[in-house]
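One letter stands for each residue in the lines below.
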Amino acid sequence: MIRFIRVAKTLLSTYYAQMLELRAELFLWALSGTLPFILMGIWMEAAQTGDFILKPIEFARYFLAAFIVRQFNVVWVIWEFETEILQGKLTYKLLQPIDPVWHHFAAHVSERLARFPFILGLVLLFFTLYPQSFWLPSPGNFLLFLLVISMAFCLRFLIQYTFALFAFWLERASAIESFWFLIYLFLSGIIAPLEVFPEFVRNVVLWTPFPYLVHFPASILIGLPVDVGRGLLVMLGWGVLFFVWNRWLWRRGLKHYSGMGA
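What comes next is a walk through the structure. All figures in this text were calculated on a predicted structure; none of them were measured in a lab.

1. With respect to the packing of aromatic side chains
One pass over the structure, following the stated rule, counts 25 aromatic pairs. With a centroid separation of 5.6 Å and an interplanar angle of 80°, the aromatic rings of Phe81 and Phe168 are classed as edge-to-face. Taken together, the residues span a long stretch of sequence, with Phe81 in helix α5 (residues 77-87) and Phe168 in the loop between α8 (139-164) and α9 (174-187) at a distance of 87 residues. You'll find Phe81 and Phe168 in the same group, each marked buried. Considering the side-chain rings of Phe126 and Phe127, the 5.8 Å spacing of their centres and the 70° angle between planes classify their relative orientation as edge-to-face.

2. Overview of the side chain of Lys93
Turning to its location among the elements, Lys93 is positioned in helix α6 (residues 90-94). According to the relative accessible area criterion, Lys93 is buried, its value standing at 17%. Within the local environment of Lys93, its side chain forms a polar contact with the side chain of Glu84, the two groups lying 2.5 Å apart. If we skip the residues at most four places from it in the chain, Lys93 touches Glu84, Ile98, Pro100, His103 and His104.

3. Some thoughts on helix α4 (residues 56-73)
In a regular helix each residue adds 1.5 Å, so 18 residues correspond to 26 Å; α4 covers 26 Å between its end C-alpha atoms and thus fits that length. The buried count for α4 comes to 13 of 18 residues, which makes it a mostly enclosed element.

Reading the values: the criteria
Residues numbered from 1 in each chain as written. Predicted model: local features only at pLDDT ≥ 70, side-chain atom pairs only at ≥ 80, totals over all residues. Heavy atoms only, no water. Phe/Tyr/Trp six-rings, centres within 6.5 Å; stacked < 30°, edge-to-face > 60°. Helix = DSSP H or I, 4+ residues; strand = E, 2+ residues; numbered from the N terminus. Buried < 20%, exposed > 50% of the residue type's maximum accessible area, 1.4 Å probe, protein only. Polar contact = N/O pair within 3.5 Å; in protein donor to acceptor, adjacent residues only side chain to side chain. Contact = heavy atoms within 4.5 Å. Expected span 1.5 Å × (residues − 1).

This is how it looks when you write it as structure tokens:
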């Protein structure tokens, strides 16, 4: 345990220092996730004339929450791992006494910490422009949100890292993520909250991992009714499934990688 804490502290401090050197890029990355704000205006206008479950002010709060969630669960490990495979850089990490995945995980966590001031600034700007949408989540909802957003990030990371392992056999494993992202964009709650989906479609989508990556934590943050128990179980179920698949691909991939002479 002491060794684990020491290694984790070293990795986080190292990657956090690297991320601080990229503050300008971090700001641009944060701005690149403002798609929910664009869609917010569309749905708020539609809610004023249409018959929707959510009111315009609830749409505003939802898309703000979706923006916050996206800032914390953005993942890019597949592109880094793909580059390591193609350029042979993975070999050097395999010589170290820890699994290479922890380098990527620490870099992602450190980036969240470095990105946080920019997220806070954009949220404050949002409330300045839309003061009527201001709200404070209850302590219980906020603590639950922290748990769920952590699980959502881990699940998103695990899914993409599993796809990244196909780089052992494919030159462009990132193409899998590009296809996955199209489905994720429409079913996760980024384009629209699940409350506006037809009931049959919503019931089917709730058994997939997509809504639990954005819609589920966003709904908890703003207080929309959700089945918390079911949500946590579905997230755990998909997490176990991808973890098993991930470890199987890793073992097979290492044999293939060493067989290629690396």
